[in-house]
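If you want the building blocks of each chain, they are given just below.
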There are 2 protein chains.
Amino acid sequence: MDKTAAIFKEFLKGRGLKFTPERKAVLREVFSLHRHFDAETLYQELYRKKVRISRASVYRTLPLLVKSGLIAETLRCQGKTSYEHIYGHGHHDHMLCIGCGKVIEFRSEKIEKLQNEICRRHGFKPVEHRLGIKGYCRECQRKIKMKKKLPLDSAE
Amino acid sequence: MDKTAAIFKEFLKGRGLKFTPERKAVLREVFSLHRHFDAETLYQELYRKKVRISRASVYRTLPLLVKSGLIAETLRCQGKTSYEHIYGHGHHDHMLCIGCGKVIEFRSEKIEKLQNEICRRHGFKPVEHRLGIKGYCRECQRKIKMKKKLPLDSAE
DNA sequence: ATTGAAAATGAGAATAAATCGCAATTAAAA
DNA sequence: TTTTAATTGCGATTTATTCTCATTTTCAAT
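Residues numbered from 1 in each chain as written. Chains lettered and ligands numbered in written order. Predicted model: local features only at pLDDT ≥ 70, side-chain atom pairs only at ≥ 80, totals over all residues. Heavy atoms only, no water.

## Some remarks on the pattern of salt bridges
Scanning all chains against the criterion turns up 16 salt bridges over all chains. Across the pair Glu117(A) and Arg121(A) runs a salt bridge, and its minimum N-O distance is 3.1 Å. Taken as a pair, Glu117(A) and Arg121(A) lie in helix H5 (residues 109-122) at a separation of four residues, close to a single helical turn. You can call Arg121(A) exposed: its relative accessible area is 59%. Note that Lys80(B) is salt-bridged to Asp38(B), the shortest N-O span being 3.8 Å. One end of the pair, Lys80(B), is in the loop between strand S2 (71-73) and strand S3 (82-85); the other, Asp38(B), is in strand S1 (residues 37-38), with 42 residues separating them in the sequence. For Lys80(B), a relative accessible area of 43% gives the class partly exposed. (Salt bridge = Lys/Arg side-chain N within 4 Å of Asp/Glu carboxyl O. Helix = DSSP H or I, 4+ residues; strand = E, 2+ residues; numbered from the N terminus. Buried < 20%, exposed > 50% of the residue type's maximum accessible area, 1.4 Å probe, protein only.)

And the structure:
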């Protein structure tokens, strides 16, 4: 059994919850995917692989995985909740291009440190955080300069 | 005419959009509210005040206000998009207590600076950012210590 | 192994948030 | 004014997610 399963099982046991085949399947699929995903995508992917578990179970399992600390919700992008791995995937923050949707991941030790310091000052025990910066990537900045009429999404 | 209206009007004119009474009403209501709000709340509030504009118009106007820079989406909290003022309300980040839902606002000049620096390095032009830290406030940390069976939301 | 209680499941109905289509209306530039 | 593109309201629709509940399953204690 791999490490993530052990963690999840442990988490579940601690709260009197069960490590069912369905939950196992979701966990497995989650960690076979790379990058961000949402509940529906995961369900479809499982379906494609002939793993027949209900949407409801997928929707019920993902929040448990979040609470177990294995995954986290990402910044909300287009109306649906999306997730990313935490386990085995060092923490990082995001830049999100408003123009083309590109995601740039980054990590700043200094920012992390400052955050922790601020939390300490407030007596706050941080569990998880998200920093998302919206803006325009290099390419989209160039594109925008060439338009006459300002597009709705222009930064200017 | 107040400053926010001037800004919004200007923004709209620049893209060939119109400063209609409905948009004016939404803008007005937005800035009469304090703290976070969502589309439905705003609609209800307007309805209560006998300002009869359709939900659709509210939903259509809020994104425009975001694009104008007057307001911003907040961290997603419970499935619906919520907003907060930007104009006249200095930017701030959030700590969100998982236990009781309390929101602590804070601002760190140092973090802001670091963010800008990182963006520069990536050729990214930031427009807006959100930093949200989830965790447990002082009180909830105390409460948790006293429980036997771990609640679903426990940090441990 | 058996059992029993609590928890989980699937299927689809239900809800909630947000968007869309369209005919009628309106803002604002000419 | 006139004109024209933009906007409105309404309700229908879509999309995401949650809920209901009868049935099944897990797991700890026999």
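## So, the protein's contact with DNA strand D
In the vicinity of DNA strand D there are 21 residues, among which Lys18(A), Thr81(A), Arg23(B), Ser54(B) and Ser57(B) approach most closely. Each atom of DNA strand D within 4 Å of the protein belongs either to a base or to sugar and phosphate, the latter forming 70%. Lys18(A) is positioned such that a nitrogen or oxygen atom in its side chain is 2.7 Å from a base oxygen of DNA strand D. Elements that contribute at least two residues to the surface near DNA strand D include exactly helix H4 (55-67) of chain A together with helix H2 (21-32) and helix H4 (55-68) of chain B. Class assignment of the residues belonging to the surface near DNA strand D gives a composition of seven nonpolar, six polar and eight charged. (Near = heavy atom within 4 Å. Polar contact = N/O pair within 3.5 Å; in protein donor to acceptor, adjacent residues only side chain to side chain. Nonpolar A, V, L, I, M, F, W, Y, C, P; charged D, E, K, R; others polar.)

## Overview of helix H3 (residues 39-48) of chain B
Each turn of an α-helix holds 3.6 residues, which means side chains three or four residues apart point in the same direction. Residue and element names in this part refer to chain B. Taken as a whole, H3 has its buried residues at Ala39, Leu42, Tyr43, Glu45 and Leu46. Within H3, the buried residues cover an arc of 165 degrees as seen down the axis, which keeps them to one side. Among the structural elements, H2, S1 and H4 are those in contact with the buried residues of H3. Among the residues of H3, the N-terminal cap falls to Asp38, whose side-chain oxygen and the backbone nitrogen of Glu40 are separated by 3.0 Å. Backbone geometry just downstream of H3 places Lys50 in the positive-phi region, at approximately 65 degrees. (Arc of directions from axis to C-beta. Contact = heavy atoms within 4.5 Å.)

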